[in-house]
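Residues per chain, in single letters:
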Amino acid sequence: MIDHQILSDDELYVLLKHQKVILAGNSHLKIYGQLSCRSGKRMQRKNRVFFQNEQDALDHGYRPCGHCMKRQYRIWKNGSI
């Protein structure tokens, strides 16, 4: 997990370019989703964290976004994750 607040815009660009982060999460709500999610794009920088993969997000206690990750959210909600 990488906190957005500690990254410069250039550092974030490099991480995204090399696909070192593929998911973003809201540290306040403990929700993660795709970088392209409209809900996630409205998130404040101080609340945003990045993950290398889905397992990383789950290991940190985050749940899938109900908007951009509908299938994973339904699985999580039913207690399968």
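Shown above is the structure to which this text applies.
I will try to describe carefully the structure that is included in this document. Quick caveat, the model's predicted, so the values are computed rather than measured.

**Observations regarding the packing of aromatic side chains**
Thinking step 1. The full count for this structure, using the stated rule, is 2 aromatic pairs.
Thinking step 2. A centroid spacing of 5.0 Å and a plane angle of 70° characterise the contact between Phe 51 and Tyr 62, whose relative ring orientation is edge-to-face. Of this pair, Phe 51 sits in strand 4 (residues 48-51) while Tyr 62 sits in the loop between helix 3 (54-59) and strand 5 (63-64), and the two are 11 residues apart along the sequence.
Thinking step 3. Look at Tyr 62 and you get buried, because its relative accessible area is 3%.
Thinking step 4. In this arrangement the basic side chain of Arg 63 is found over the ring face of Trp 76, its NZ or CZ atom lying 5.5 Å from the centre.

**Considerations on unusual backbone geometry**
Thinking step 1. One non-glycine residue, Gln 19, adopts positive backbone phi at about 55°.
Thinking step 2. Position of Gln 19 relative to the elements: it lies in the loop between helix 1 (9-17) and strand 2 (23-26).
Thinking step 3. Here the phi dihedral of Lys 30 falls at roughly 60°; this positive angle occurs in a residue that is not glycine.
Thinking step 4. Within the secondary structure, Lys 30 sits in the loop between strand 2 and strand 3 (31-34).

**Thoughts on the layout of surface pockets**
Thinking step 1. When its volume is computed, the largest pocket comes out at roughly 310 Å³.
Thinking step 2. Lining the largest pocket are 21 residues; nearest its centre among them are Asn 26, Cys 37, Ser 39, Gly 40 and Met 43.
Thinking step 3. Secondary-structure elements contributing two or more residues to the lining of the largest pocket are strand 2, strand 3, helix 2 (38-41) and strand 4.
Thinking step 4. Examining the composition of the lining of the largest pocket, we find that 4 residues originate from one element, strand 3, more than from any other.
Thinking step 5. Residue composition of the lining of the largest pocket, grouped by class: 9 nonpolar, 9 polar and 3 charged.

**Concerning the sheet that holds strand 4**
Thinking step 1. What the 5 strands build is an open sheet, ordered 1-4-2-3-5; its pairing is mixed. A strand with exactly one partner marks an edge of an open sheet, and here the two such strands are strand 1 (2-3) and strand 5.
Thinking step 2. Bridge count between strand 2 and strand 3: 4 bridges; the pairing is antiparallel. Its bridge partner being in strand 3, Ala 24 is matched across the sheet by Gly 33.

**Considering the nonpolar core**
Thinking step 1. Counting 7 residues, the largest nonpolar core consists of Leu 23, Tyr 32, Val 49, Phe 51, Ala 57, Tyr 62 and Met 69.
Thinking step 2. Those residues in contact with Leu 23, other than ones at most four positions away along the chain, are Tyr 32, Gly 33, Gln 34, Leu 35, Val 49, Phe 50, Phe 51, Asn 53, Glu 54 and Met 69.
Thinking step 3. One finds Leu 7, Leu 12, Leu 15 and Phe 50 within the second-largest nonpolar core, a separate group that totals 6 residues.

Procedures and definitions
Residues numbered from 1 in each chain as written. Predicted model: local features only at pLDDT ≥ 70, side-chain atom pairs only at ≥ 80, totals over all residues. Heavy atoms only, no water. Phe/Tyr/Trp six-rings, centres within 6.5 Å; stacked < 30°, edge-to-face > 60°. Helix = DSSP H or I, 4+ residues; strand = E, 2+ residues; numbered from the N terminus. Buried < 20%, exposed > 50% of the residue type's maximum accessible area, 1.4 Å probe, protein only. Lys NZ or Arg CZ within 6 Å of the ring centre and 35° of its normal. 1 Å grid on protein atoms, 1.4 Å probe; cavity = no way out; pocket = protein on both sides within 12 Å on 5 of 7 lines; lining within 4 Å. Points joined across faces, edges and corners; volume = space filled by probe spheres on them. Nonpolar A, V, L, I, M, F, W, Y, C, P; charged D, E, K, R; others polar. Pairing = 2+ DSSP bridges. Core = buried A, V, L, I, M, F, W, Y, C linked by side-chain atoms within 4.5 Å. Contact = heavy atoms within 4.5 Å.

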